[in-house]
Amino acid sequence: EKELEELRKGKAEAAEEAQERIAGLEEEVARLQQEGGQSAAQAEAAEQAAEEAEELRRQVEGLEKELEELRKGKAEAAEEAQERIAGLEEEVARLQQEGGQSAAQAEAAEQAAEEAEELRRQVEGLEKELEEL
């Protein structure tokens with residue numbers, strides 16, 4: 001009986017040790033699962049952030065292209081306006097040189113001068129916008 005009692009006691013101790021070991025392993029599994037869940041969540045967050053960064057890069061590139069097109073368009077508009085001003089100034093000078101200007105010629109010269117002045121203001125505005133870009 002003594003041997004049986006010792007066997008039972010040994011088995012009980014072994015069972016208790018096994019239970020403690022099982023509890024420890026379950027805790028370890030839970031910890032690893034939690035860490036794994038965090039890692040998966042972190043990986044998903046990192047992937048999402050990378051996708052957002054790529055989308056933002058594409059948006060920035062698009063905006064830079066639009067800005068360049070705006071600059072180019074404004075520069076072309078300013079150049080065209082300068083050419084128109086030069087033509088109008090030549091017209092004004094020609095009309096003024098013709099001597100005996102009729103009333104119609106005087107009015108045409110005045111209109112051309114006013115148009116040239118308006119275009120000058122537009123060019124100045126475009127140049128300021130270009131400087132701000």
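Above this text is the structure in question.
Residues numbered from 1 in each chain as written. Predicted model: local features only at pLDDT ≥ 70, side-chain atom pairs only at ≥ 80, totals over all residues. Heavy atoms only, no water.

Undergrad: Would you mind showing me how to read the overall build of the protein here?
TA: In terms of helices and strands, the protein carries two helices and zero strands. Per-residue burial for the protein yields a buried fraction of 10% across its 133 residues. Taking all contacts inside the protein whose residues are at least 6 apart in sequence as the whole, residues at least 24 apart take part in 76%. Accessible surface computed for the protein: about 10900 Å², of which carbon and sulfur atoms make up 50%. (Helix = DSSP H or I, 4+ residues; strand = E, 2+ residues; numbered from the N terminus. Buried < 20%, exposed > 50% of the residue type's maximum accessible area, 1.4 Å probe, protein only. Contact = heavy atoms within 4.5 Å. Areas by Shrake-Rupley, 256 points an atom, 1.4 Å probe, with all protein chains shown as cover.)

Undergrad: Could you clarify how one ought to interpret the pattern of salt bridges in this entry?
TA: Once the charged atoms of two side chains with opposite charge are near each other, the side chains can pair. Enumeration according to the criterion identifies eight salt bridges in this entry. Put simply, arginine 58 and glutamate 55 hold a salt bridge, and the shortest N to O gap is 2.9 Å. A residue pair is termed a helical-turn pair when its members lie 3 or 4 positions apart in one helix, as arginine 58 and glutamate 55 do in helix H1 (residues 2-97) at three residues. Look at arginine 58 and you get partly exposed, because its relative accessible area is 46%. Residue glutamate 115 pairs with arginine 84 through a salt bridge whose shortest N-O separation is 3.0 Å. Here glutamate 115 is found in helix H2 (residues 103-132), whereas its partner arginine 84 is found in helix H1, with 31 residues between them in sequence. For arginine 84, a relative accessible area of 41% gives the class partly exposed. Overlapping salt bridges bring together Glu89, Glu117, Glu118, Arg120 and Arg121 as one network. (Salt bridge = Lys/Arg side-chain N within 4 Å of Asp/Glu carboxyl O.)

Undergrad: How should the environment of glycine 87 be read in this particular structure?
TA: As for its placement among the helices and strands, glycine 87 is situated in helix H1. Looking at glycine 87, the relative accessible area reads 34%, which means it is partly exposed. Counting along the chain gives 29 residues from glycine 87 to alanine 116, while the straight-line C-alpha distance between them is 8.8 Å.

Undergrad: I tried to follow a negative patch on the surface on my own but got confused; where do I start?
TA: Together, Glu13, Glu16, Glu17 and Glu20 make up a negatively charged patch on the protein surface. Residue placement: glutamate 20 occurs in helix H1. (Patch = residues over 30% accessible without salt bridge, like charges linked within 9 Å, V, L, I, M, F, W, Y side chains within 5 Å. Lys, Arg positive; Asp, Glu negative; His and termini not counted. Charge placed at Lys NZ, Arg CZ, Asp CG, Glu CD.)

Undergrad: Mind showing me how you'd approach the nonpolar core here?
TA: Side chains of nonpolar character tend, in soluble globular proteins, to be buried together. The biggest cluster of nonpolar side chains holds eight residues, and these are Ala81, Ile85, Leu88, Val92, Ala112, Ala116, Leu119 and Val123. Elements with a contribution of two residues or more to this core: H1 and H2. Those residues in contact with alanine 116 that lie beyond four places of it in its chain are Ile85 and Leu88. (Core = buried A, V, L, I, M, F, W, Y, C linked by side-chain atoms within 4.5 Å.)

Undergrad: Before we go on, may I ask you to explain the environment of glutamate 117 in this structure?
TA: Inspection of the secondary structure puts glutamate 117 in helix H2. Note on glutamate 117: relative accessible area 34%, which makes it partly exposed. Distance from glutamate 117 to isoleucine 85, taken between C-alpha atoms, is 7.9 Å for residues 32 residues apart in sequence.

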